[in-house]
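The chain contents come next:
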Amino acid sequence: MTKDNEDLLIEIGTEELPPTALKRLSNAFSEELTTRLAAANLEYGRYRSYATPRRLAVHIEQVSLVQPDRVIDRRGPALSAAFDADGQPTKAAQGFARSVGLDVDKLDRIETDKGAWLCAHFEEKGRATAELVPELIEASLEKLPVSKRMRWGVGSEEFVRPVRWVVILLGEAVIKTSILGVESDQKTRGHRAHHPDPIPVSKPQQYAGLLENKGYVCPDFDRRQAKIRDQVMQLATELGGTALLDQQLLDEVTALVEWPVALTGSFDSRFLQVPHEALITTMMGNQRYFPVQDETGHLMPHFITVANLESHDPEQVRLGNERVIRPRLHDAEFFWLKDQRRPLIDRRESLKTILFQKQLGSLYDKSERLAELASAIAADLGTDARLGRRAGVLSKCDLATSMVFEFPELQGIMGRHYAIHDGEDPSVAQALEDQYRPVHAGDVLPEGAIGQALALAEKLDTLIGIFALGQRPSGAKDPFALRRSALGVVRILIESCLDLDLWRLLRLTAENLSGRVDTTASVTEVFNYVMERLSAYYADRGIPEDAVDAVLACQPSSLDDLDRRVRAVQQFRVLPEAEALSAANKRIRNILRQVSHPTNSVVNKTLLVEPAEIALFEKVQKAESDTSHILANENDYSAVLARLAGLRDSIDLFFNETLVMCEDEKLRHNRVALLMSLSTLFLQVADISRLQSAGNP
């Protein structure tokens, strides 16, 4: 009895793959392969990806051994073009017959409402999976996200790294083929040092176990990472501290080793006088070490490294790593001591020689603008404008220090340390670091008013300046990180509850830049660009786009105010009256659009004749009074919409019993005025007519 399916193993062995790309390459390879299997109508079960520095592999269970047969229907030329006046087949008919492997007289005909056509119905036999797999592998490798491919040897093949071996097993059978110039077989490779000899694999199910038990290779990326995490945490505990387990560093270290063995190391405690951020950057960024901190969060004079083998003399490995880190720490110490010899303010002149952008000037020019803008924002926030100005003046000075020149990622952080050393106001020192926040999604926001002022100034200056140059982000091209700046503005204003007028801030920013670039259009462009970020911002928080759209229709210029409106709309839409009131507002909008000339919005009570319109008028008057009181005393938009929800019955009765667009012009205008006053009540918060489904957030 023959089997219908078998497990499939594919392994591409290479020289060491780029560690920062390994996980992405592995995921892409398995996704491409399984997508192509499905497209080829080949069934398969579960699959598992494997990735180490020297291999990309996929084990796919229960893959069909043959494609299913399929019936193909193909339509050919119209009968009018398929045969000549004598009824003989034309070249069009003959060509179609050849393409489907049939004689013309074997072709069928089909009648449609658009005419008659030649057609062919034939069965195509499914191909064997063993025949298809090489094609699928080649196509999948070609689609991997590789920014730059390389060649090796004398061949023309290209891949991210030279390919050294290929394993392709379908069940116990080797699929013989050539992939990127390498002949496939069933022999994988173990660890370079521990087991350099080939390891035969009899069937796919043996692959992972053979590598781990015999080859000293842990092929599963996630399992290897878990082993690293456990070892590092255990060693840190033995040192009396905890390890800084940065996920990005964990991913990179996992991609650098096949057989992880964690070891501890130490350094002279005198280096701890250097700001810990600099030491951590040195250990993590340069050496891929895991720093260790004590229970109070202070750095300890220890680190943990992960070797790629089990050494016969671990002590020598430890000493070697300590020798490597020592000069790095010496450099950091040297830069720290050297930079402290001059206060930050003394470095400001040198900023004139560092270009920010050709038309926008130097970093000195930018710091001048930031000082002006941060001062104004600080005043708006009710804090000392002089501190805002001082923060702006010092904002870029640390970019001229040796430490930041060596470690650019420490910009702002070192500014804070040097400002503290210089005796600057603590809020100014903190602002120098906070100006770049938030750096990424989920990052912390600036802590105090001065930091908020400088962070907003930094982002708004860049946005207005670059937009004025016509360099709005397009596609993936965003060299000045304008998307991040715009989202940073959104987060700071909303999440810090800063009731600032964004229009005003943008105009102030534009005025500071007006001597350099034409900012005429950029204020509106940047305002709209920031507002465009709101849909994605709220979508991440489970708030649908229509709620944001309803509020944007009222054009609030304070994002703090906008946020309170959006959340009020979300609370309103779950009320039982929401659906009907949203529909009523849509109807009101449609009626008001029909008004061809301005209408007096003041309702004439003497022209109210129907009981329903009289009742609605009285309800609207009472609601106007109530909502005015709520907004004046509590500014609670949720309470306003909850109060307006009580109008539902009166509005329904009005539309059921009153003809708004009646023939009597005076009555018609008066009823339109009543609807305008009703609409205005809701527009105090949002245009709820824009809610797609008010009862289903």
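Since this is a predicted model, take the numbers as computed values, not measurements.

Rules and cut-offs
- Position labels on residues start from 1 in each chain and follow its written sequence.
- This being a predicted model, a pLDDT of at least 70 is required before a residue's local features are given, and a value of 80 or more before pairs of side-chain atoms are given or counted; all residues contribute to the totals for chains, interfaces and linings.
- Hydrogens are left out, water is left out, and the side-chain values use all remaining heavy atoms of the structure.
- DSSP calls a pair of strands paired once it identifies at least 2 bridges connecting them.
- Only DSSP runs of H or I with at least four residues qualify as helices, and only runs of E with at least two residues qualify as strands; both kinds are numbered from the N terminus onward.
- Each reported salt bridge corresponds to a side-chain nitrogen of Lys or Arg within 4 Å of a carboxyl oxygen of Asp or Glu.
- For every residue, the accessible area (1.4 Å probe, protein chains only) is compared with the maximum for its type, and the residue is labelled buried under 20%, exposed over 50%, or partly exposed between those bounds.
- Pairing of aromatic rings covers Phe, Tyr and Trp, the last counted by its six-membered ring, and requires centre-to-centre distances within 6.5 Å; plane angles under 30 degrees mean stacked, over 60 mean edge-to-face, and any other angle means tilted.
- Put simply, a charge is over a ring when the Lys NZ or the Arg CZ is close to the ring centre, within 6 Å, and near the line of the ring normal, within 35 degrees.
- Throughout, a contact is declared for two residues whenever any of their heavy atoms are within 4.5 Å.
- Helix axes use the C-alpha atoms of the stretch in contact, all axes being lines fitted to C-alpha atoms, and the angles between their N-to-C directions lie in the range 0 to 180 degrees.
- In plain words, nonpolar cores are sets of buried Ala, Val, Leu, Ile, Met, Phe, Trp, Tyr and Cys residues tied together by side-chain atoms within 4.5 Å.

### Some remarks on the sheet that holds strand E14 (residues 261-266)
As summarised here, the arrangement of the four strands in space is E13-E15-E16-E14, forming an open sheet in which the pairing is antiparallel. Each of the sheet's edge strands pairs with one partner strand only, and the pair in question is strand E13 (242-243) and E14. Bridge count for E13 against strand E15 (residues 290-293) is two bridges, and the pairing is antiparallel. Considered in E15, the bridge of Thr 242 is made with Gln 293.

### What to know about the pattern of salt bridges
Inspection of every chain in the model, using the stated rule, returns 50 salt bridges. With its nearest N and O atoms 2.8 Å apart, the salt bridge here joins Arg 164 to Glu 15. Placement of the pair is Arg 164 in strand E7 (residues 163-170) and Glu 15 in the loop between strand E1 (5-14) and helix H1 (22-39), with a sequence separation of 149 residues. Residue Asp 560 is joined to Arg 564 by a salt bridge in which the shortest nitrogen-to-oxygen separation is 3.7 Å. Here Arg 564 and Asp 560 lie together in helix H20 (residues 559-572), a separation of four residues that amounts to about one turn. Under the relative-accessibility criterion, Asp 560 is labelled buried at 8%. Residue Arg 564 is classed as partly exposed on the basis of its relative accessible area of 27%. Put simply, Glu 277, Arg 416, Glu 433, Asp 434 and Arg 437 are held in one network by salt bridges that share partners.

### With respect to the pairing of E1
Counting buried positions along E1 yields nine of ten residues, so the element is predominantly enclosed. Relative to strand E3 (residues 55-64), E1 runs antiparallel, the two being bridged by eight bridges. Each residue of the ladder has a partner; that of Glu 11, found in E3, is Ala 57. The pairing of E1 with E7 spans seven bridges and is classified as antiparallel. Bridge pairing in E7 links Thr 14 to Val 163.

### Quick word on the packing of aromatic side chains
Scanning the entire structure with this criterion turns up ten aromatic pairs. When the ring of Phe 654 is compared with that of Phe 655, the centres are 5.4 Å apart and the planes differ by 70 degrees; the resulting orientation is edge-to-face. Of the two residues examined, Phe 654 and Phe 655, each falls in the buried class. Geometry around Tyr 364 places Arg 348 over its ring, the cationic atom sitting 4.4 Å from the centre.

### Let's talk about the pairing of strand E6 (residues 115-124)
Where strand E4 (residues 70-78) meets E6, seven bridges bridge the pair, whose relative direction is antiparallel. Each bridged residue has a counterpart across the sheet, and for Val 71 the counterpart in E6 is Glu 123. Two strands pair when backbone bridges link them, and strand E5 (residues 108-112) and E6 are joined in this way by five bridges, in the antiparallel orientation. The partner of Arg 109 across the bridge, within E6, is Leu 118. The antiparallel pairing of E5 with E6 creates a hairpin that spans two residues between the two strands.

### Re the environment of Met 150
Considering the arrangement of structural elements, one finds Met 150 in the loop between helix H4 (129-142) and E7. Remark: the alpha-carbon pair of Met 150 and Glu 545, spanning 395 residues in sequence, is separated by 45 Å. Excluding anything up to four places from it in sequence, Met 150 contacts Glu 157, Glu 158, Phe 159, Val 160, Arg 161 and Pro 162.

### A short note on the sheet that holds E4
With respect to topology, three strands assemble into an open sheet ordered E4-E6-E5, the strand pairing being antiparallel. Each edge of the sheet is formed by a strand with only one pairing partner; in this case those strands are E4 and E5. Adjacent strand axes in the sheet meet at a mean angle of 40 degrees when their direction is disregarded. With respect to the sheet, helix H3 (residues 91-100) is in contact with E4 and E6, its orientation differing from that of E4 by roughly 170 degrees.

### Overview of the nonpolar core
Core analysis: the biggest nonpolar cluster contains 121 residues, and Met 403 and Leu 678 have the highest contact counts within it. Considering each element in turn, this core owes the most residues, eleven residues, to helix H15 (residues 449-468). When near neighbours in sequence (up to four residues on either side) are disregarded, Leu 678 contacts Ile 588, Leu 616, Val 620, Leu 647 and Ile 651. Judged by nonpolar contacts, the second largest core, of 38 residues, contains Leu 17, Leu 56, Leu 170 and Ala 255.

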